[in-house]
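Structure assessment
As a plain string of letters, each chain reads:
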Amino acid sequence: MARALVVFESVPAETRLIAMAVAQGLATRLPVDVACAQDAPTAVAGDVRLLVVGGPGHPPARPAARRYGLREWLDAVTLPRGVHVAVFDLRPDEPARFAGDGAMGIERALVRGLGATAAAPPEHFLLTAAQGPLADGQEDRARRWGQALAEVVAPRPVVSAARAAAAAAAAG
């Protein structure tokens, strides 16, 4: 059975909230696993039909102690053939030229670098300030985005009107 995997950068903490909301939306159609980058598999399983990856709108400042984050995961990951990807970032509610565009870099690494197919354009979720919190409505927007992504990779089967009528008649 096809499934989805959501991988997120653990800093800032709001990224986890968005990742979980996206996963809730995806779960309307697909089984979903969610992992922060340091715990995510570096060999994505062949039954993963959709990989969603998200992080901050700009690379997080590197602490003195080296940590394993999204950048390192992207350098190490291998993807199955035919996997679709969607990416998101978090940014302050200000013009993109000031906020950065982390999603574009993530998408470039996955599509150009690893041969994945983009399922949707990058999505940007808003923060009220550079360090958060999330702007109002962003978790709901993330859930709806997850549902829309699920529709792209796991659409409902189309049933003809005649077939639906026959099934209803047989059942009732």
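Scope of this entry: the structure provided in the associated data block. If you're wondering where the values come from, they're calculated on a predicted model, not measured in any experiment.

Some words on the environment of Val52
Inspection of the secondary structure assignment puts Val52 in strand β3 (residues 48-56). Take Val52: its relative accessible area is 0%, and that puts it in the buried class. In this structure, the C-alpha to C-alpha distance between Val52 and Glu107, residues 55 residues apart in sequence, is 10.0 Å. Once residues lying within four places of it in the same chain are set aside, the contact partners of Val52 are Leu5, Val6, Val7, Val22, Leu26, Ala86, Phe88, Trp145 and Leu149.

Looking at unusual backbone geometry
In this chain, Val11 is followed by Pro12 through a cis amide linkage whose omega measures 5°. Inspection of the secondary structure puts Pro12 in the loop between β1 (3-8) and α1 (14-26). Geometrically, the link from Gly132 to Pro133 is a cis peptide bond, its omega value of 5° lying close to zero. Structurally, Pro133 can be placed in the loop between β6 (123-127) and α5 (138-153).

Examining the nonpolar core
Burial of nonpolar side chains together is a common tendency in soluble globular proteins. With 27 residues, the main nonpolar core has Ile18, Leu26, Leu50, Val52, Phe88, Trp145 and Leu149 as its most contacted residues. Those elements that place two or more of their residues in this core are β1, α1, β3, β4 (84-92), β6 and α5. With six residues, α1 is the largest single contributor of residues to this core. In contact with Leu149, not counting residues within four places along its chain, are Leu26, Leu50, Val52, Ala86, Ala119 and Ala120. One finds Val7, Ala35, Ala37 and Leu51 within the second-largest nonpolar core, a separate group that totals 21 residues.

Details of the pairing of β4
Each regular strand shows side chains that alternate between the opposite faces of the sheet. Counting buried positions along β4 gives eight out of nine residues, so the element sits mostly inside the fold. By the bridge criterion, seven bridges tie β3 to β4 in an arrangement that is parallel. Across the sheet, Pro56 pairs through a bridge with Leu90, a residue of β4. In the sheet, β4 pairs with strand β5 (residues 117-118) via two bridges, with the strands oriented parallel. Bridge assignment links His84 to a residue of β5, and that residue is Thr117. The pairing of β4 with β6 spans five bridges and is parallel.

What counts as what
- Residues numbered from 1 in each chain as written.
- Predicted model: local features only at pLDDT ≥ 70, side-chain atom pairs only at ≥ 80, totals over all residues.
- Heavy atoms only, no water.
- Helix = DSSP H or I, 4+ residues; strand = E, 2+ residues; numbered from the N terminus.
- Buried < 20%, exposed > 50% of the residue type's maximum accessible area, 1.4 Å probe, protein only.
- Contact = heavy atoms within 4.5 Å.
- Core = buried A, V, L, I, M, F, W, Y, C linked by side-chain atoms within 4.5 Å.
- Pairing = 2+ DSSP bridges.

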